[in-house]
Protein chains: 2
Amino acid sequence: MIRHRIFRLTNPSIRWRILLPVVNESSRLSAQDWARAALKAIADGGLAAVAVEPLARTLGVTKGSFYAHYRNRDELITAALTEWARSHGAEGLAEFAAIADPARRLRELLTTVVQAVQPLAPSVHLSLLGDRNDPRVRDAVHQVNQARLELLARTYRELGLPPDRATSRARVAYAAILGLLHLAQTDPDAPHSAVLADEATAIFLPS
Amino acid sequence: MIRHRIFRLTNPSIRWRILLPVVNESSRLSAQDWARAALKAIADGGLAAVAVEPLARTLGVTKGSFYAHYRNRDELITAALTEWARSHGAEGLAEFAAIADPARRLRELLTTVVQAVQPLAPSVHLSLLGDRNDPRVRDAVHQVNQARLELLARTYRELGLPPDRATSRARVAYAAILGLLHLAQTDPDAPHSAVLADEATAIFLPS
DNA sequence: TCTCTTTAATACTGTCGCGTATGGATACGG
DNA sequence: CCGTATCCATACGCGACAGTATTAAAGAGA
């Protein structure tokens, strides 16, 4: 206990630099830090891994800290899911939506939409499928999928497909991207994603 | 306690018929019954839902029964995953592999491979995504995916595609099927699978 | 420097699930 | 009908986590 005090007084923020590049620069945690840690936990263990005490341990604090930011575990989960849906829904697609040429936009979408947004994003998406019975999870995933599907469908329309065909085409194309992600995460010797992105592009770009 | 005895003596197997159509006809449980219950739990809660005492409750017994069949929880999980991988790997594909005409085989595969094998199979597959860090899960999923991919690739070769293109084509096609499953499970207003199966077939059947 | 707010530590209670021990009940072969 | 193996109930100890209460420390502002 004494040692702990000395440690913190001597260098209040050293533990971050070493143990936790995730959190902010200050020596104290914010609600966002907890939400980010929760997302990281989701990415490699699903909702079940969002446990207050284990999270506190990896953050180098005790749960006394947590309850200064959230009322309970559910509130943290909701916050994390909301944050994820926000940053990966319409908002996360802004840069793609801004591309004027539909052909180029489609190519970009097909190759990077899932991977590019944030490094741990795909893992979160996949992990959430395991908890799809939770209504909050279902909403968040649906929101993200919907935003992407709409952009894809719009792109196909701009490429000349009739509306209904554009919709189902977008659905199958997006499904393929999701599935490739799925395979990549469970296959140890999966081919590099670039190769498959090319294959997918060849298939899903209307000739 | 008395009432319990009376209940069992009066009609030893009534509770099954009413509460648990999953289990066998006998009034006592087998190891397979537990494995099946475990798979059901996985289907709607992932590995975390495979908990001995809750399972015992839904089966109408206490955990004293469980430990007569398995040494511990891990053994049950392994058994359930092994059973799933067996019945959904090469073995579950036998009837498709038996189809001589590659075009018809491909069509059947694309429309029914994931849904048809067993009703709760797709849910298990998706739920396992949330636990893909567990090596046993990874193995089981990989085994099932691999069997399907190989059959698909073989089919594409028989349809005249060069081997490497057949492989990547199979991969993208299978990914699309998986992804459609993802979407169907998270989308409340998802279009009927038949429609999309048609769309998929149109895309993935080489012209 | 003093005060106020935010963040964190500590100690507690309650709950849930795992695993063990033990004895009773049931099915089945002789 | 009897004995034995299998299945099941009960009671127990244990550890992990949620949540509360209380107190202390750190940061921000006057």
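Small disclaimer: the values here were computed from a predicted structure and weren't measured.

1. What to know about the interface of chain A and chain B
- Contacts between chain A and chain B engage 41 residues on the former and 40 residues on the latter.
- Counting the surface chain A buries against chain B, the share from its top three residues, A:R132, A:R171 and A:H182, is 19%.
- One can count two salt bridges joining chain A with chain B.
- Here B:D187 ties to A:R171 by a salt bridge, and the two come within 3.1 Å at their closest N and O atoms.
- The interface formed by chain A and chain B holds 17 residue pairs in polar contact (both at pLDDT 80 or more) in total.
- Elements represented by at least two residues in the side of chain A that touches chain B include exactly α3 (31–45), α9 (121–129), α10 (135–158), α11 (163–186) and α12 (193–204) of chain A.
- In terms of residue count, the dominant contributor to the side of chain A that touches chain B is α11(A) (15 residues).

2. Here's the deal with the protein's contact with DNA strand C
- Neighbouring DNA strand C are 25 residues; A:R28, A:L29, A:T62, A:S65 and B:K63 lie closest to it.
- Sugar and phosphate atoms represent 58% of those atoms of DNA strand C found within 4 Å of the protein.
- Elements with a contribution of two residues or more to the surface near DNA strand C: α1 (2–10) and α5 (63–66) of chain A together with α1 (2–10), α4 (52–59) and α5 (63–69) of chain B.
- If you tally residues by element for the surface near DNA strand C, the top one is α4(B), at four residues.

3. Details of the relation of the copies chain A and chain B
- Rotating chain A by 180° and moving it 0.1 Å along the rotation axis overlays it on chain B with an RMSD of 0.1 Å. Considering both components of the superposition, the chain copies are consistent with a two-fold axis.
- Here 95% of the contact residues of chain A are again contact residues in chain B; the copies associate through an equivalent surface.

4. Some thoughts on the packing of aromatic side chains
- Summed over all chains, the structure comprises seven aromatic pairs over all chains.
- On the numbers, 6.1 Å between centres and 85° between planes, the contact of A:F204 with B:F204 is edge-to-face. With A:F204 in helix α12 and B:F204 in helix α12 (residues 193–204), this pair bridges two chains. Assigned by exposure class, A:F204 and B:F204 land together as buried.
- Ring plane angle 25° and centroid distance 5.6 Å describe the contact between B:F66 and B:Y70, whose orientation is recorded as stacked. For the pair B:F66 and B:Y70, a shared accessibility class is recorded, and that class is buried.
- Put simply, the rings of A:W34, A:F66, A:Y67 and A:Y70 pair up and form one aromatic cluster.

What counts and how
- Residues numbered from 1 in each chain as written.
- Chains lettered and ligands numbered in written order.
- Predicted model: local features only at pLDDT ≥ 70, side-chain atom pairs only at ≥ 80, totals over all residues.
- Heavy atoms only, no water.
- Contact = heavy atoms within 4.5 Å.
- Buried area = accessible area lost by both parts, 1.4 Å probe.
- Salt bridge = Lys/Arg side-chain N within 4 Å of Asp/Glu carboxyl O.
- Polar contact = N/O pair within 3.5 Å; in protein donor to acceptor, adjacent residues only side chain to side chain.
- Helix = DSSP H or I, 4+ residues; strand = E, 2+ residues; numbered from the N terminus.
- Near = heavy atom within 4 Å.
- Least-squares fit on C-alpha atoms with pLDDT ≥ 70 in both.
- Phe/Tyr/Trp six-rings, centres within 6.5 Å; stacked < 30°, edge-to-face > 60°.
- Buried < 20%, exposed > 50% of the residue type's maximum accessible area, 1.4 Å probe, protein only.

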